[in-house]
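Coordinate analysis (summary)
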Amino acid sequence: MGTASYDFTDDVVLITGASRGLGRDFALSFARAGAKVAVNDLGDQSFGDEVPYETGTASDLDETLAELTELGADAIAVSADVSDEAQVEAMIAAVLERFGRLDVLVNNAGVHSNAKSWEMTEAQWDRVIDVDLKGPFLCGKHAARHMVERGGPGRIITISSSSGLVGIPDQVGYQSAKHGVVGQVKTLALELAPYNVTVNAICPTVVTSPMLDHLVETGKAYFQEVGRLCGASTVFPGLENLEPVDVSHAVQWLASDAARYVTGIALPVDGGFTCK
Ligand SMILES: NC(=O)c1ccc[n+]([C@@H]2O[C@H](COP(=O)([O-])OP(=O)(O)OC[C@H]3O[C@@H](n4cnc5c(N)ncnc54)[C@H](O)[C@@H]3O)[C@@H](O)[C@H]2O)c1
């Protein structure tokens, strides 16, 4: 089969939650395609028990920036909590100050916690909704303000999940947030179409990443059960080997001119996981 390659020379791309995992892969892929890249993560900030695994650290973010620099990319790292409006505003301002524009926002930052609905604490619920639903809203709001003022073009891409398309037990907060961003992108897509800004979501199934490592450790049986319920093993051979690069291809396509009339969609990258 053919391979796609894109040219983002001089485009400015901001990727949230990019110190590791999918976000780091997106950043490196954009850098290889010539983009100027801003990577965000929490830096020195972290959450308590509401997120039951370690989030990306300041040194992870430094490592990503070093890898981008090694590739020869013009890149910066901006620490900010995407669920805090003042920090989001400062992050967008830092990108504009450094590069003078923002062409592509990838809302990738996310957290996960799994518990039965009747056992999930209010703090766990609030954290996942704040990061996974409010975060893309706040980043989209401040990126859109700039893109509208500039009269476009622009791209906003939010990483939802299979969890944004179907119900999966034991993750009511995550499901609610990931479904929520699908509605969010449809609304933004309508508001921003007149300004030549597209807004889309991508819905990957299980992808190798630090977040997944945590889930596999704490919920192997749970994943097997979800796979059985969704018929995943009967859908696509090798689905368990989905890698960040498989999602990067979808991100780059939506960011490119090839997808200039594609807006308001929730694109599954899941080997048919959510077909049934
Ligand atoms: N890995 C999967 O199986 C999978 C599947 C579908 C969707 N997703 C989504 O893809 C995205 C990336 O996930 P990943 O698997 O690479 O996870 P990850 O935990 O490795 O990466 C997420 C990053 O987001 C950062 N982050 C968390 N809260 C933040 C905040 N408030 N502000 C800024 N950064 C913050 C974390 O520090 C971390 O570095 C998430 O939105 C996730 O929900 C992942």
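Our structure's up above, just so we're on the same page.
Our subject in this report is the structure included herewith. (Residues numbered from 1 in each chain as written. Predicted model: local features only at pLDDT ≥ 70, side-chain atom pairs only at ≥ 80, totals over all residues.)

**Considerations on the nonpolar core**
To be explicit about the condition: Nonpolar cores are built from buried Ala, Val, Leu, Ile, Met, Phe, Trp, Tyr and Cys residues. These are joined into a set through C-beta atoms within 7 Å. For the exposure call, what matters is how many other C-beta atoms sit within 10 Å of a residue's own: 20 or more marks it buried, 12 or fewer exposed, and in between partly exposed, using C-beta atoms placed from the backbone. A run of H or I in DSSP counts as a helix once it spans at least four residues, and a run of E counts as a strand once it spans at least two, with each numbered from the N terminus. A residue pair is marked as a contact if its C-beta atoms, positioned from the backbone, fall within 7 Å.
Residues Val 13, Ala 27, Phe 30, Ala 31, Val 37, Val 39 and Val 95 are the most contacted members of the largest nonpolar core, which totals 70 residues. The leading source of residues in this core is helix H4 (residues 122-150), at 8 residues. Discounting chain neighbours no more than four positions away, the residues touching Ala 27 are Ile 15, Ala 18, Val 37, Val 39, Thr 64 and Leu 68.

**Observations regarding the sheet that holds strand S4 (residues 104-107)**
Within a sheet, neighbouring strands are paired by backbone hydrogen bonds and run either parallel or antiparallel to one another. Basically, it comes down to this: Here a strand pair is declared whenever DSSP counts at least two bridges between the two strands. Lines fitted to the C-alpha atoms define the axes, with helices restricted to the stretch that makes contact. Angles between their N-to-C directions range from 0 to 180 degrees.
Sheet architecture is open: 7 strands sit in the order S3-S2-S1-S4-S5-S6-S7, paired in parallel fashion. Edge strands, defined here as strands with exactly one partner in the open sheet, are strand S3 (75-79) and strand S7 (266-269). Each neighbouring strand pair of the sheet contributes to a mean axis angle of 20 degrees, computed without reference to strand direction. Pairing of strand S5 (residues 154-159) with strand S6 (residues 197-204), which is carried by 6 bridges, proceeds in the parallel orientation. Among the inter-strand pairings, Thr 158 is bridged to a residue of S6, identified as Ala 201.

**Notes on the site of the ligand**
Operational definition: By convention here, the C-beta atom is placed from the backbone, and a residue is near a molecule or strand when that atom is within 6 Å of it.
In the vicinity of the ligand lie 30 residues, with Gly 17, Gly 21, Gly 56, Gly 110 and Ser 209 positioned nearest. Elements with a contribution of two residues or more to the shell around the ligand: helix H1 (21-32), strand S2 (36-41), H4 and helix H6 (210-230).

**Things to note about the pairing of S2**
Note the threshold: With its strands directed away from the observer, a crossover is right-handed exactly when the path from the first strand over the helix to the second travels clockwise.
Most of S2 sits inside the fold, with 6 of its 6 residues counted as buried. On S2, burial covers both faces: Lys 36, Ala 38 and Asn 40 on one face and Val 37, Val 39 and Asp 41 on the other are all buried. Here strand S1 (residues 12-15) pairs with S2 via 4 bridges, running parallel. Its bridge partner being in S2, Ile 15 is matched across the sheet by Val 39. For the crossover that starts at S1, traverses H1 and ends in the parallel S2, the hand is right-handed. In the sheet, S2 pairs with S3 via 5 bridges, with the strands oriented parallel. Residue pairing across strands places Ala 38 opposite Ile 76, the latter belonging to S3.

**Some details on the environment of Tyr 174**
Mapped onto the fold, Tyr 174 is located in helix H5 (residues 172-192). Expressed as a C-alpha distance, the spacing of Tyr 174 and Leu 133, which sit 41 residues apart in the sequence, is 9.1 Å. Apart from residues no more than four positions distant in its own chain, Tyr 174 is found in contact with His 112, Val 128, Asp 132 and Ser 163.

**Observations concerning the packing of H1 against helix H7 (residues 244-255)**
Note the following rule: By definition in this entry, angles of less than 35 degrees are roughly parallel, angles greater than 145 are roughly antiparallel, angles of 65 to 115 are roughly perpendicular, and the rest are oblique. By convention, the crossing between two helices is left-handed when the near helix turns anticlockwise from the far helix through less than a right angle, and right-handed when the turn is clockwise. Polar here means any residue other than Ala, Val, Leu, Ile, Met, Phe, Trp, Tyr, Cys and Pro, which are nonpolar, and Asp, Glu, Lys and Arg, which are charged; Gly is therefore polar.
Packing of H1 against H7 leaves a shortest axis separation of 9 Å and a crossing angle of 55 degrees. By the angle class used here, H1 and H7 are oblique. Between H1 and H7 the crossing geometry is right-handed. Of the residues in H7, those in contact with Gly 21, Leu 22, Asp 25, Phe 26 and Ser 29 of H1 are Pro 244, Val 245, Val 247, Ser 248, Val 251 and Gln 252. For the contact of H1 with H7, a count of residues per class yields 6 nonpolar, 4 polar and 1 charged.

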